[in-house]
Amino acid sequence: MTRFGEHTIGEMTGALQRAYAAQRGSLSAARRELETLAAAINYHIRDMVGGVQTLFRPVLPDAAPARERWLTRDEQHRSFGRHGESEK
């Protein structure tokens, strides 16, 4: 997240956040990181500013669709062994 290192909160425009998500490659990862950044910024605002009702709302990429299918236990055991280690 070094992309935002030199920017103030006021400079965190939607365009800057969308550009970050695009260059990040994984929209899911960008979404998680922007949510984490927003939580940190809002914690700082609440802690340092006090009574001011300011809230940073990030511009997030769309969430990935829900997983349609999970591995069955048999598939997991065939792929990763009985205790999670890869069988060779």
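Refer to the structure presented above.
Here is a short report on the structure shown in this document. Being a predicted model, the structure only gives us computed values, none of them experimental.

Rules used throughout
- Residues numbered from 1 in each chain as written.
- Predicted model: local features only at pLDDT ≥ 70, side-chain atom pairs only at ≥ 80, totals over all residues.
- Heavy atoms only, no water.
- Helix = DSSP H or I, 4+ residues; strand = E, 2+ residues; numbered from the N terminus.
- Buried < 20%, exposed > 50% of the residue type's maximum accessible area, 1.4 Å probe, protein only.
- Contact = heavy atoms within 4.5 Å.
- Core = buried A, V, L, I, M, F, W, Y, C linked by side-chain atoms within 4.5 Å.
- Salt bridge = Lys/Arg side-chain N within 4 Å of Asp/Glu carboxyl O.
- Arc of directions from axis to C-beta.
- Phe/Tyr/Trp six-rings, centres within 6.5 Å; stacked < 30°, edge-to-face > 60°.
- Lys NZ or Arg CZ within 6 Å of the ring centre and 35° of its normal.

Moving on to the overall build of the chain. A count of helical and extended segments in the chain gives three helices and zero strands. Across the chain, helices and strands are ordered from the amino to the carboxyl terminus as α-α-α. With 88 residues in all, the chain has 20% of them scored as buried. Contacts spanning at least 24 positions in sequence make up 44% of the contacts within the chain whose residues lie at least 6 apart.

Moving on, we come to the nonpolar core. Membership of the largest hydrophobic core is limited to 11 residues, which are Phe4, Met12, Leu16, Tyr20, Ala21, Ala30, Leu34, Ala38, Ile41, Ile45 and Phe56. Taken together, the elements giving at least two residues each to this core come down to helix 1 (14-24) and helix 2 (27-49).

Attention shifts here to the pattern of salt bridges. As enumerated under the stated definition, the model contains three salt bridges in all. The salt bridge partner of Glu33 is Arg24, with a shortest N-O separation of 2.9 Å. Between Arg31 and Glu35 there is a salt bridge; the shortest N-O distance is 3.7 Å. Within this pair, Arg31 and its partner Glu35 are both found in helix 2, separated by four residues, close to a single helical turn.

Another point: the side chain of Asn42. Tracing the backbone through its elements, the reader meets Asn42 in helix 2. In this structure Asn42 comes out as buried when scored by relative accessible area, which is 11%. The residues contacting Asn42, other than those within four sequence positions of it, are Leu55 and Phe56.

Right, let's get into helix 1. Spacing of three or four residues puts side chains on the same side of an α-helix, whose turn is 3.6 residues. Buried within helix 1 we find Leu16, Gln17, Tyr20 and Ala21. One face of helix 1 carries all of its buried residues, which in axial projection span an arc of 140°. Seen from the open side of helix 1, the exposed residues pointing more than 90 degrees away from its buried face are Ala15 and Ala22. Backbone geometry just after helix 1 places Gly25 at a positive phi near 95°.

Once that is clear, we can look at the packing of aromatic side chains. Applying the stated criterion to the full structure yields zero aromatic pairs. In this arrangement the basic side chain of Arg67 is found over the ring face of Trp70, its NZ or CZ atom lying 4.4 Å from the centre.

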